[in-house]
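This is what each chain is made of:
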Amino acid sequence: MTQIHDDVPVTVFSGMLWEAELVKAMLLDAKIYAFLSDKIFGGVLPPIYSATDTGQVKVKVSSRDVEQAQEIVAEFEKNRKAE
């Protein structure tokens, strides 16, 4: 019998490619597996598309890690705005 997992990918961040790479690295440092989606379009489309979420690179984590990942993303965004 096949076991069904409730573990699904959840987007915790959308942004420019360099931002998504930083967030992913922060999550991996915290032992949270993360991966990028829409990386090809996010790396080639101009920033004008960011208002519509087109061209945004998304960072995804397991649904089991969402709460901890959101705390790390919130810290990243807080530090980014402080600059």
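In case you missed it, the structure is sitting above this.
Because the structure is a prediction, the values reported are computed rather than measured.

Q: What should I look at first to understand a nonpolar patch on the surface in this one?
A: Taken together, the side chains of Met-16, Trp-18 and Leu-22 present a nonpolar region at the surface, about 300 Å² in accessible area. Residue position: Met-16 is located in the loop between strand E1 (9-15) and helix H1 (17-29). Under the relative-accessibility criterion, Met-16 is labelled partly exposed at 30%.

Q: Please explain the side chain of Glu-19 as it appears in this structure.
A: Structurally, Glu-19 is set in helix H1. Separated by 2.8 Å, the side chain of Glu-19 and the backbone nitrogen of Met-16 make a polar contact. Those residues within four positions of Glu-19 in sequence are excluded, and the remaining contacts are Phe-13, Phe-76 and Arg-80.

Q: Quick question: what am I supposed to make of the environment of Ala-69 here?
A: Position of Ala-69 among the secondary structure elements: in helix H3 (residues 66-82). Measuring from C-alpha to C-alpha, the distance between Ala-69 and Leu-27 comes to 6.6 Å, with 42 residues separating the pair along the chain. Not counting residues within four places of it along the chain, the set of residues in contact with Ala-69 comprises Val-12, Leu-27, Ile-32 and Val-61.

Q: Got a minute to help me understand the sheet that holds strand E2 (residues 34-37) in this structure?
A: The strands that make up a sheet are held in pairs by hydrogen bonds between backbone atoms, and each pair lies either parallel or antiparallel. Within the open sheet, the three strands sit side by side as E1-E3-E2. Their pairing is antiparallel. Pairing within the sheet leaves two strands with one partner each, and these edge strands are E1 and E2. Averaged over all pairs of adjacent strands, the angle between their axes in this sheet comes to 30 degrees, without regard to strand direction. In the sheet, E1 pairs with strand E3 (residues 57-62) via six bridges, with the strands oriented antiparallel.

Analysis parameters
- Residues numbered from 1 in each chain as written.
- Predicted model: local features only at pLDDT ≥ 70, side-chain atom pairs only at ≥ 80, totals over all residues.
- Heavy atoms only, no water.
- Patch = residues over 30% accessible without salt bridge, like charges linked within 9 Å, V, L, I, M, F, W, Y side chains within 5 Å.
- Areas by Shrake-Rupley, 256 points an atom, 1.4 Å probe, with all protein chains shown as cover.
- Salt bridge = Lys/Arg side-chain N within 4 Å of Asp/Glu carboxyl O.
- Helix = DSSP H or I, 4+ residues; strand = E, 2+ residues; numbered from the N terminus.
- Buried < 20%, exposed > 50% of the residue type's maximum accessible area, 1.4 Å probe, protein only.
- Polar contact = N/O pair within 3.5 Å; in protein donor to acceptor, adjacent residues only side chain to side chain.
- Contact = heavy atoms within 4.5 Å.
- Pairing = 2+ DSSP bridges.
- Axes fitted to C-alpha atoms, helices over the stretch in contact; angles between N-to-C directions.

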